[in-house]
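Spelled out, the chains give:
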Amino acid sequence: EKAREALTTDGILRYGVVHTPSGRSGYLRIFSFEVPDPGAFLKKLAGILENLPQDRLVIDLRGNPGGQIPAGQGLIRMLTAKPLTPAPIAFRATPTTLGLAAAPAFQEWRRSLELQSATSNVWAQAFPIAPYYDDVPPYRFPGKVAIIIDALCYSTTDFFSADFADNEIG
């Protein structure tokens, strides 16, 4: 029996059906989350996932350097219907990170960084770097999911992997 049927490669994606000891499984390889439009990327993923076997899915992220956080978090949202908690980020309390906290994207950390001299905390308070967005496709994968990662994964792929484990998705 063939180990896998013909896989489709489409830009940063490779997908199709693979055969495992447990039977046929959907396979999705994501080479990068660096996409120009996370919403369009997620709609494309929803269409792909809907057409794969619905009882098992392997998501292969090996070598994925990351990219757009909403793309990774949107995929997490499509893998479960249960409430999700995104991984919090705590920055080291330094003058440089205090300067970074002036940027709108990092203002949530500013107050705890400003209090560092009074509190002597080495780290700022931890907050999620990005919330889970509700505007992802309504599709939810109903089956079991496994991910494959390696030491070459970072950035959004780190967030995806941490959230996958912390939220007990697979």
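Structure's up top.
Structure report, in brief. The structure presented is a predicted model; accordingly, all values stated were derived computationally and were not measured.

**Quick look at the nonpolar core**
Phase 1: Ranked by internal contacts, the top residues of the largest apolar core, which has 31 residues, are Ile30, Phe41, Leu57, Ile59, Leu75, Leu79 and Phe160.
Phase 2: Contributing elements (two or more residues each) for this core: strand S2 (13–20), strand S3 (23–30), helix H1 (38–50), strand S4 (56–60), helix H2 (69–78) and helix H6 (156–166).
Phase 3: Ignoring any residue separated from it by four or fewer positions in sequence, one finds Leu75 in contact with Ile30, Phe33, Leu42, Leu45, Leu49, Ile59 and Phe160.

**Quick look at H2**
Phase 1: By the criterion of burial, H2 is predominantly enclosed, with nine of the ten residues buried.
Phase 2: Residues of H2 that are buried include every one of Ile69, Ala71, Gly72, Gln73, Gly74, Leu75, Ile76, Arg77 and Met78, and no others.
Phase 3: Where the residues of H2 are buried, they touch S3, H1, S4 and H6.

**A word on the packing of aromatic side chains**
Phase 1: With the rule as written, the count across this model stands at seven aromatic pairs.
Phase 2: Their ring planes at 25 degrees and their centres at 6.2 Å tell us that Phe160 and Phe164 sit as a pair that is stacked. Of the two residues, Phe160 and Phe164 both sit in helix H6, four residues apart, roughly one turn of that helix. No difference in accessibility class separates Phe160 from Phe164, as the two residues are buried.
Phase 3: One aromatic cluster is present, built from ring pairs that chain together Phe33, Phe41, Phe160 and Phe164.

**A closer look at the environment of Asp10**
Phase 1: In this fold, Asp10 is placed in strand S1 (residues 8–10).
Phase 2: Taking the C-alpha atoms as reference points, Asp10 and Ala105, separated by 95 residues in sequence, lie 32 Å from one another.

**Structural notes on the pairing of S4**
Phase 1: Most of S4 sits out of view: four of its five residues are buried.
Phase 2: Inspection of the sheet shows S3 paired to S4 by four bridges, in the parallel sense. Paired with Tyr27 across the bridge in S4 is Val58.
Phase 3: Once you follow S3 into H1 and on to S4, the crossover reads as right-handed.

What counts, and at which threshold
Residues numbered from 1 in each chain as written. Predicted model: local features only at pLDDT ≥ 70, side-chain atom pairs only at ≥ 80, totals over all residues. Heavy atoms only, no water. Core = buried A, V, L, I, M, F, W, Y, C linked by side-chain atoms within 4.5 Å. Buried < 20%, exposed > 50% of the residue type's maximum accessible area, 1.4 Å probe, protein only. Helix = DSSP H or I, 4+ residues; strand = E, 2+ residues; numbered from the N terminus. Contact = heavy atoms within 4.5 Å. Phe/Tyr/Trp six-rings, centres within 6.5 Å; stacked < 30°, edge-to-face > 60°. Pairing = 2+ DSSP bridges. Right-handed = clockwise from strand over helix to strand, strands pointing away.

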